[in-house]
Amino acid sequence: MNKNYVLDNVKDFHLNQVLECGQCFHFARTDNGLNPDEYEYEIVARNRILHIKEEPSSDGVKLIFFNTEDWEYQTIWKDYFDLDRDYAQIKQRIIQADPRLESIIEENSGIRILNQDFFETLISFIISQNKQIPQIKQVVNNLSTELGTKFDVTMIDRLSSEFDSFFPNAEQLINATEDEIRMSKCGFRAPYIKDAAEKVFYGTISAEKLSNLDDDSTRDLLMTIHGVGEKVANCVMLFGLGRRNAFPVDVWMKRICEYLYYDEADTPKSIIEEDAKKRFGQYAGYAQQYLFMYGQKNRIGVK
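Calculation notes
Residues numbered from 1 in each chain as written. Predicted model: local features only at pLDDT ≥ 70, side-chain atom pairs only at ≥ 80, totals over all residues. Heavy atoms only, no water. Helix = DSSP H or I, 4+ residues; strand = E, 2+ residues; numbered from the N terminus. Rg over C-alpha atoms; globule rule 2.2 N^0.38 Å. Buried < 20%, exposed > 50% of the residue type's maximum accessible area, 1.4 Å probe, protein only. Contact = heavy atoms within 4.5 Å. Areas by Shrake-Rupley, 256 points an atom, 1.4 Å probe, with all protein chains shown as cover. Lys, Arg positive; Asp, Glu negative; His and termini not counted. Charge placed at Lys NZ, Arg CZ, Asp CG, Glu CD. Phe/Tyr/Trp six-rings, centres within 6.5 Å; stacked < 30°, edge-to-face > 60°. Polar contact = N/O pair within 3.5 Å; in protein donor to acceptor, adjacent residues only side chain to side chain. Pairing = 2+ DSSP bridges. Axes fitted to C-alpha atoms, helices over the stretch in contact; angles between N-to-C directions. Expected span 1.5 Å × (residues − 1). Core = buried A, V, L, I, M, F, W, Y, C linked by side-chain atoms within 4.5 Å. Left-handed = near helix turned anticlockwise from the far one by under 90°. Parallel < 35°, antiparallel > 145°, perpendicular 65-115°, else oblique. Nonpolar A, V, L, I, M, F, W, Y, C, P; charged D, E, K, R; others polar.

K.L.:
Requested: an account of the overall build of the protein, with residues and values cited.
P.N.:
Each helix and strand counted, the protein has 16 helices and five strands in total. Taking 303 residues into account, the globule formula puts the C-alpha radius of gyration at 19 Å, and the protein, at 19 Å, falls close to it. Judged by the C-alpha coordinates and their principal axes, the protein covers about 55 × 50 × 40 Å. Expressed as a percentage of the 303 residues in the protein, the buried residues total 52%. For the protein, the proportion of contacts with a sequence separation of at least 24, taken over those separated by at least 6, is 65%. Counting every atom, the protein has about 14000 Å² of accessible surface; 46% of that belongs to carbon and sulfur. Counting 36 positive and 49 negative side-chain charges, the protein places the centres of these two groups 3 Å from one another.

Below you can see the structure in the form of structure tokens.
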């Protein structure tokens, strides 16, 4: 197959902002970085691989999905990149809730929240604890290479990155020993990964079961997995279950919100989360992304 699917004049979308904001980890940038207006990536998601490029266009950006037919874009990538959602309206509502975020939203106008696979998101954010993004990406790739299903030859021929395997499913992980999982350099998280895989494989936890629960019950059930606390559970809800009102609070988000909303006073994470949901409503998860960028730009909480 050598057929590309092209979208022109895509608004409110920038490929690098979507992929590099810390919500997904099985991708690689493959361009040389010399052209600041063009980005090229390879992504492994939903048991598919994608080579995608962004170029400037007259009104937005052009997206080139290499070796992608119409059915694949329509059934997989359109939903994965959340391309049917009106992000202009979302950004307007967040600015109405806090006008201080307007400039940072303009600077990061292309962020979108991906619709990712639940199980891969769960394992990825278990891995993410106390690790930097390059380390998380390496562990995710190691797990895939060592325990996942290998690409077929035609797929490998289409890639220039080091990827050669899909992320392992729950059955592949429960069939691996903790020592084999630990070979991915996940460290102390190996038993947590094993426990999560067992609970998903045996149906104790599933995306379908969680979809029938309210937010509090969903979070509580996710937290029955060893090593999953409130922050990881909220990340899974936001990035793996489509709960766009979820508001993950880590140490950095705590400092940012204390600076903006609590006169820098020490404030419990539960209060920060509750107030964020009141302030931003159904858009709290999107707002969390912009707040993080705001904190980075203004070096909030940096000692």
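There's plenty left to go through after this.
K.L.:
For the packing of aromatic side chains, give the residues involved together with the corresponding values.
P.N.:
By the definition in use, this model includes 16 aromatic pairs. Judged by centre distance (5.5 Å) and plane angle (70 degrees), the rings of Phe25 and Phe125 are edge-to-face. With a gap of 100 residues between them, Phe25 in the loop between helix H1 (15-19) and strand S2 (27-29) and Phe125 in helix H5 (residues 118-127) connect regions that are remote in the sequence. Owing to a relative accessible area of 4%, Phe25 belongs among the buried residues under this scheme. Consider the rings of Phe151 and Phe166, whose centres lie 4.7 Å apart with planes at 65 degrees: the pair is edge-to-face. Residue Phe151 is found in the loop between helix H6 (133-147) and helix H7 (153-156), and its partner Phe166 is found in the loop between H7 and helix H8 (170-174); the two are separated by 15 residues along the sequence.

K.L.:
Could you give an account of the side chain of Asn234, naming the residues involved and the relevant values?
P.N.:
Looking at the element boundaries, Asn234 is found in helix H13 (residues 230-240). In this structure the side chain of Asn234 is engaged in a polar contact, spanning 3.4 Å, whose partner is the side chain of Glu273.

K.L.:
Can you tell me about the sheet that holds strand S3 (residues 39-45), naming the residues and giving the values?
P.N.:
Spatially, five strands are ordered S1-S5-S4-S3-S2 in an open sheet, and the strand pairing comes out antiparallel. Since the sheet does not close on itself, it has two edges, and those belong to strand S1 (5-10) and S2, each with one partner. Direction aside, the axes of adjacent strands within the sheet are offset by 20 degrees on average.

K.L.:
For helix H16 (residues 284-297), give the residues involved together with the corresponding values.
P.N.:
Between its terminal C-alpha atoms H16 stretches 20 Å, which fits the 20 Å expected from 14 residues at 1.5 Å a residue. Most of H16 is tucked away: 11 of the 14 residues are buried. Along H16, the residues classified as buried are Ala284, Gly285, Tyr286, Ala287, Gln288, Gln289, Tyr290, Leu291, Met293, Tyr294 and Gly295. Considering only its buried residues, H16 is in contact with helix H3 (87-97), helix H4 (102-107), H13, helix H14 (251-261) and helix H15 (269-280). Immediately downstream of H16, the backbone of Arg299 shows phi near 55 degrees, a positive value.

K.L.:
Summarise the nonpolar core; cite the residues concerned and give the values.
P.N.:
Counting 67 residues, the largest nonpolar core has Ile94, Ile123 and Leu291 as the members making the most contacts within it. For Ile94, the contacting residues outside a window of four places in its chain are Leu101, Ile105, Phe280, Tyr283, Tyr286, Ala287 and Tyr290. Among the nonpolar cores identified, the runner-up in size contains 25 residues, and Val10, Phe13, Leu19 and Phe65 belong to it.

K.L.:
Describe the packing of H5 against H13, with residues and values.
P.N.:
Where H5 contacts H13, the axes come no closer than 9 Å and their chain directions differ by 145 degrees. As H5 runs across H13, the sense of the crossing is right-handed. Two secondary-structure elements touch here, H5 through Phe118, Thr121, Leu122, Phe125 and Ile126 and H13 through Val232, Cys235, Val236, Phe239 and Gly240.

K.L.:
Hey, could you go over unusual backbone geometry for me, with residue numbers and the actual values?
P.N.:
Positioned with a positive phi, Asp12 is a non-glycine residue whose angle comes to about 55 degrees. Following the sequence through the fold, Asp12 ends up in the loop between S1 and H1. Overall, Asp12 belongs to the partly exposed group, its relative accessible area being 24%. Positive phi, normally seen in glycine, also occurs at Arg46, with a value near 55 degrees. If you trace the backbone, Arg46 turns up in the loop between S3 and strand S4 (48-57).

K.L.:
I'd like a description of the packing of H15 against H16, backed by residues and values.
P.N.:
One way to put it is that H15 packs onto H16 with a least axis distance of 9 Å and a crossing angle of 110 degrees. If you check the angle between H15 and H16, you find them roughly perpendicular. Here H15 contributes Ala276, Lys277 and Phe280 to the contact with H16, which in turn contributes Ala284, Ala287 and Leu291. Here the contact of H15 with H16 is built from residues that sort into five nonpolar, no polar and one charged.

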